[in-house]
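Observations on the model geometry
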Amino acid sequence: MGINTNISDYDWNAAFAALAWQVELGVTEVMSEAAVDRYALPEKQATLTPKPKTVEDQVQPAAPDPVNAAQAAAAPCADLTALRAALESFAHCELKKGARNLVFSAGNPGAPLMVVGEAPGREEDREGLPFVGHSGLLLDKMLAAIGHARDADDPRASAYLTNVLPWRPPGDRDPTEAEIAMMRPFLLRHIVLAKPQVIIAMGNVACQALLGQSGILRMRGQWGECAAIPVMPMTHPAYLLRNLGAKREAWADLLAVQAKLANPS
Ligand code: URA
């Protein structure tokens, strides 16, 4: 039980008597440091009594979900120029801070064949173009073997190249799941706008982004689908440079891509 009394209104003896009286009444605890005058006018009392905290006071405003933010930024882009601009102003990916350049794409955006890689490396970051290092040289040879080139004069023989991540991860580390999920809405919009006939997903990161699973050595050679476009999972050129024995299977996968382009059905 507790009773509020303003002690400053009393001299020592009166205060002692008031305290004794309260103890006799059964007061066992002090309710608050500041006295509350129950006879005060309501406006005055409102200033004395702390307002209870609302849920809004207690919950910090949530940071926007980066995947939703990416979705909101990518969805309205009507063409590739707008998509590139949306990526340039996207502020939720930390990789951007450490990268020299945005690496958006290379080749012919109207090409029937689109290649999706993982992320820029050192050379790509420096030049702002995908696949310009060692992997890129091998990729060009692979594409040439099935009659395609990123800069072919004949648009039907051209290729269009991009990556899941448009910024180089520090030290060329593997992209995280969160980074892949964050950039996926941009990649999907990129595909919808470029409208290729066939996509090659180069390596695990591209398979994760386009087909929702990784395990490239198991998945390679088997057609999947993304945005209603056939997707061929292939081992990444960087893997082929280290594992020469895997080139035989890569050649079979390239022939399957060539056949699909010739006969889309
Ligand atoms: N590896 C990739 O996946 N993409 C590039 O652009 C370069 C290397």
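Here, the structure is the one placed above.
The structure contained in this document is the topic of the report that follows.

As for empty space enclosed by the protein
Per the stated rule, a full pass over the model turns up one cavity of 30 Å³ or more. Its boundaries defined by the atoms lining it, the largest cavity holds a volume of some 80 Å³. Along the walls of the largest cavity sit Leu 87, Phe 104, Thr 162, Asn 163, Val 164, Pro 166, Met 183, Phe 186, Leu 187 and His 190, which together make up its complete lining. When contributions to the lining of the largest cavity are tallied by element, the ones reaching two or more residues are β3 (159-163) and α9 (177-194). Among the elements that take part in the lining of the largest cavity, α9 stands out by supplying four residues, more than any other. Along the lines of polarity and charge, the residues of the lining of the largest cavity split into seven nonpolar, three polar and no charged.

So, the sheet that holds strand β2 (residues 113-117)
Reading across the sheet, the six strands line up as β1-β3-β2-β4-β6-β5 and stay open at both edges, with mixed pairing between neighbours. Two strands in the sheet have a free side with no partner beyond their single neighbour: β1 (106-107) and β5 (224-226). Both β2 and β3 contribute to a ladder of five bridges, which runs parallel. Among the inter-strand pairings, Val 115 is bridged to a residue of β3, identified as Leu 161. Running at roughly 130° to strand β4 (residues 198-202), helix α10 (residues 203-211) makes contact with β2, β4, β5 and β6 (229-234) of the sheet.

Quick notes on the environment of Ala 194
By secondary structure assignment, the location of Ala 194 is in helix α9. Beyond its immediate sequence surroundings of up to four residues, Ala 194 is in contact with Pro 109, Met 114 and Tyr 160.

Comments concerning the packing of aromatic side chains
Evaluation of the coordinates by the stated rule reveals one aromatic pair. Centroid distance Phe 90 to Phe 186: 5.0 Å. Interplanar angle 70°. Geometry classified as edge-to-face. One end of the pair, Phe 90, is in the loop between α5 (80-88) and α6 (95-98); the other, Phe 186, is in helix α9, with 96 residues separating them in the sequence. Here the two residues Phe 90 and Phe 186 agree in accessibility, since each one is buried. Sitting over the face of the ring of Trp 223, Lys 260 holds its NZ or CZ atom 4.9 Å from the ring centroid.

Cut-offs applied
Residues numbered from 1 in each chain as written. Predicted model: local features only at pLDDT ≥ 70, side-chain atom pairs only at ≥ 80, totals over all residues. Heavy atoms only, no water. 1 Å grid on protein atoms, 1.4 Å probe; cavity = no way out; pocket = protein on both sides within 12 Å on 5 of 7 lines; lining within 4 Å. Points joined across faces, edges and corners; volume = space filled by probe spheres on them. Helix = DSSP H or I, 4+ residues; strand = E, 2+ residues; numbered from the N terminus. Nonpolar A, V, L, I, M, F, W, Y, C, P; charged D, E, K, R; others polar. Pairing = 2+ DSSP bridges. Contact = heavy atoms within 4.5 Å. Axes fitted to C-alpha atoms, helices over the stretch in contact; angles between N-to-C directions. Phe/Tyr/Trp six-rings, centres within 6.5 Å; stacked < 30°, edge-to-face > 60°. Buried < 20%, exposed > 50% of the residue type's maximum accessible area, 1.4 Å probe, protein only. Lys NZ or Arg CZ within 6 Å of the ring centre and 35° of its normal.

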